[in-house]
Amino acid sequence: MAAVMDGDKLANIFRQATAAHQQQKFRDAQAGYTKILKWIPDHFDVLHLLGQSFIEEGRPSQAVRWLRQASAIQPDNADVCYDLGLAYRTTGQNALATRAYNRALEIEPDRLNAHLSLVEMKFPGEHYTAMLRQLHQLLKPATYLEIGVETGQSMALAQPETRCIGIDPEPCISSPLPPRCDIFPQTSDSFFEQSDVRSLLEQQNIEFAFIDGLHVFEAALRDFMHVEACAGQHSLVAIHDCIPLNTITSARERSTNFWSGDIWKLILCLKKYRPDLAIINVAAKPTGLGLVTNLDPTNRTLQTQYEQILREYIPMTYDAIASDERNALNIIANDMKPVTEWLREWRVQGAC
Ligand SMILES: C[S@@+](CC[C@H](N)C(=O)[O-])C[C@H]1O[C@@H](n2cnc3c(N)ncnc32)[C@H](O)[C@@H]1O
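What counts, and where the lines are drawn
- Residues numbered from 1 in each chain as written.
- Predicted model: local features only at pLDDT ≥ 70, side-chain atom pairs only at ≥ 80, totals over all residues.
- Near = placed C-beta within 6 Å.
- Nonpolar A, V, L, I, M, F, W, Y, C, P; charged D, E, K, R; others polar.
- Buried ≥ 20, exposed ≤ 12 C-beta atoms within 10 Å, placed from the backbone.
- Helix = DSSP H or I, 4+ residues; strand = E, 2+ residues; numbered from the N terminus.
- Contact = placed C-beta atoms within 7 Å.
- Axes fitted to C-alpha atoms, helices over the stretch in contact; angles between N-to-C directions.
- Parallel < 35°, antiparallel > 145°, perpendicular 65-115°, else oblique.
- Left-handed = near helix turned anticlockwise from the far one by under 90°.
- Pairing = 2+ DSSP bridges.
- Right-handed = clockwise from strand over helix to strand, strands pointing away.
- Domains from an automatic or database assignment.
- Core = buried A, V, L, I, M, F, W, Y, C linked by C-beta atoms within 7 Å.

**Notes on the site of the ligand**
In the vicinity of the ligand there are 17 residues, among which Gly148, Glu150, Gln153, Ser154 and Gly213 approach most closely. Taken together, the residues that form the shell around the ligand break down as 6 nonpolar, 7 polar and 4 charged.

Next up, the structure:
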């Protein structure tokens, strides 16, 4: 007759193991969990906890084994899928990690830590603000216009000599702004309708612009059209959020905390309707930074084709480009060296 472990004894082992786990006595915890699994091999919580203990201890390969077993028992458990993703990622198995995180997101589409983990894998390297800082330092533009200022985090990266204009209907400035900066508390559409940009910039062009306002394609398109009309051929326009993470976070309607909207379509649209522009898209976290130059303030193509462009791009979803994203969106590495070469090739003002 098979021996039977007393229920109270098992409960006691479980209590001691979880207490050891909380105190980070991982080996003691693992010994307890393993003892329970000898009696109840498909104990979901114990398998999950054992996997977690190996992750926390820094032994992710061991974690994978137990988390896979837990996941087989409860395939719809998003916590286990996330932990499995973490274990795979820590062992450098990024394809498997992506699959596990995506499974967690199928179960729980607004799971922020899974989105952020995917961001870390898709965009290794620095945040877009590091690229913006380097661009300001290299170009030292005479003038800078930013659409979507929020706290002033990105505006604060401008050089002290640069004449800056910031536009945001709801600015909530908490960063120290550069000395020659004016903030216009209105939407970008109303700003461009009501303001004489060149006279605000002492009769100069916009040399450098950053578009980071309303996160829908047509608003970013209008922002680009307005900026280009006040720019020179060798000015530079940076556009935030031009590389989508996945379908749900790059949709027009926001349904997740992590969300970039459908600004990425602007790259496709400019490539098609304005092949004269020079465009690269830096893989900076969290969702890319598009850079556009070789501008032509006299070109009216986007204005005349505006309605046709909206009909073409508004219904599009990320699936249309997912398999060929790198080419479709002109993506390059998040590295200042190729960016500087590109800026010089196109003789961007201040780069040569
Ligand atoms: C993502 S935040 C900008 C973040 C900032 N550029 C940074 O990097 O720190 C987007 C901002 O765009 C502003 N915004 C929303 N609609 C806008 C519009 N129509 N015109 C200009 N700004 C807008 C919002 O108020 C918000 O502060």
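**Considering helix α12 (residues 265-273)**
All buried positions along α12 are accounted for by Lys265, Leu266, Ile267, Cys269 and Leu270. Elements in contact with the buried residues of α12: α11 (217-229), β5 (231-240), β6 (278-282), β7 (289-293) and α14 (306-313).

**A closer look at the packing of helix α6 (residues 94-107) against helix α7 (residues 112-122)**
Two numbers describe how α6 lies on α7: the axes approach to 9 Å, and their chain directions differ by 155°. Judged by the angle between their axes, α6 and α7 are roughly antiparallel. The chirality of how α6 crosses α7 is left-handed. For the pair α6 and α7, the contacting residues are Asn94, Ala97, Thr98, Tyr101, Ala104 and Leu105 in the first and Ala114, Ser117, Leu118 and Met121 in the second. Grouping the constituent residues of the contact of α6 with α7 by class yields 7 nonpolar, 3 polar and no charged.

**Observations regarding the pairing of β7**
By the criterion of burial, β7 is predominantly enclosed, with 5 of the 5 residues buried. Because side chains alternate across β7, one face comprises the buried residues Leu289, Leu291 and Thr293, and the other comprises Gly290 and Val292, equally buried. As paired elements, β5 and β7 share 4 bridges and run antiparallel to each other. By the bridge assignment, Ile239 is partnered in β7 with Gly290. What sits between β6 and β7 in their antiparallel hairpin is a turn of 6 residues, with Gly288 showing a positive phi close to 80°.

**Description of the packing of helix α1 (residues 7-22) against helix α2 (residues 26-39)**
Between α1 and α2, the shortest axis-to-axis distance is 7 Å and the interhelical angle comes to 150°. Between α1 and α2, the interaxial angle falls into the category roughly antiparallel. With respect to the hand of their crossing, α1 and α2 are arranged in left-handed fashion. Contacts between α1 and α2 involve Leu10, Ile13, Phe14, Gln16, Ala17, Ala20 and His21 from the first element and Asp28, Ala29, Gly32, Tyr33, Lys35, Ile36 and Trp39 from the second. Taken together, the residues that form the contact of α1 with α2 break down as 9 nonpolar, 3 polar and 2 charged.

**Examining the pairing of strand β4 (residues 206-211)**
Regular strands show a simple pattern: their side chains alternate between the two faces of the sheet. Counting buried positions along β4 yields 6 of 6 residues, so the element is predominantly enclosed. For strand β1 (residues 143-147) and β4, the ladder comprises 4 bridges, and the chain directions are parallel. Residue pairing in the sheet places Ile147 in a bridge with Ile211 of β4. Read from β4 through α11 to β5, the crossover connection turns out right-handed.

**Looking at the sheet that holds β5**
In spatial order, the strands read β3-β2-β1-β4-β5-β7-β6-β8; together these 8 strands make up an open sheet with mixed pairing. Whereas interior strands pair on both sides, the edge strands pair on one side only; in this sheet they are β3 (181-184) and β8 (331-332). The strands that α11 touches are β1, β4 and β5; relative to β4, the one it contacts most, it runs at about 175°.

**Some thoughts on the domain arrangement of the chain**
Domain annotation of the chain identifies domain 1 (7-122) and domain 2 (128-345). Between domain 1 and domain 2, the C-alpha centre-to-centre distance is 41 Å. Listed by partner, the interface residues are 8 residues for domain 1 and 9 residues for domain 2. The class makeup of the residues in the side of domain 1 that touches domain 2 is 5 nonpolar, 1 polar and 2 charged.

**A short note on the nonpolar core**
Formed by 59 residues in total, the largest nonpolar core has its most connected members in Ala209, Ala238 and Leu266. Here the element with the most residues in this core is α11; it accounts for 6 residues. Not counting residues within four places of it along the chain, the set of residues in contact with Ala238 comprises Leu132, Leu135, Ala209, Phe210, Leu289, Gly290 and Leu291. Core analysis: the next-biggest nonpolar cluster, separate from the first, contains 30 residues, Ile36, Phe54, Ala97 and Ala104 among them.

**Topic: unusual backbone geometry**
Pro286 follows Lys285 through a cis peptide bond whose omega is 5°. One can find Pro286 in the loop between β6 and β7. Even without glycine at this site, Lys140 takes up a positive phi of about 40°. Given 15 C-beta atoms within 10 Å, Lys140 falls into the partly exposed group.

**With respect to the environment of Tyr318**
Here Tyr318 is to be found in the loop between α14 and α15 (325-328). Residue Tyr318 is classed as partly exposed on the basis of its C-beta count, with 18 C-beta atoms lying within 10 Å. Placed 75 residues apart in sequence, Tyr318 and Ile243 show a C-alpha to C-alpha distance of 9.8 Å.

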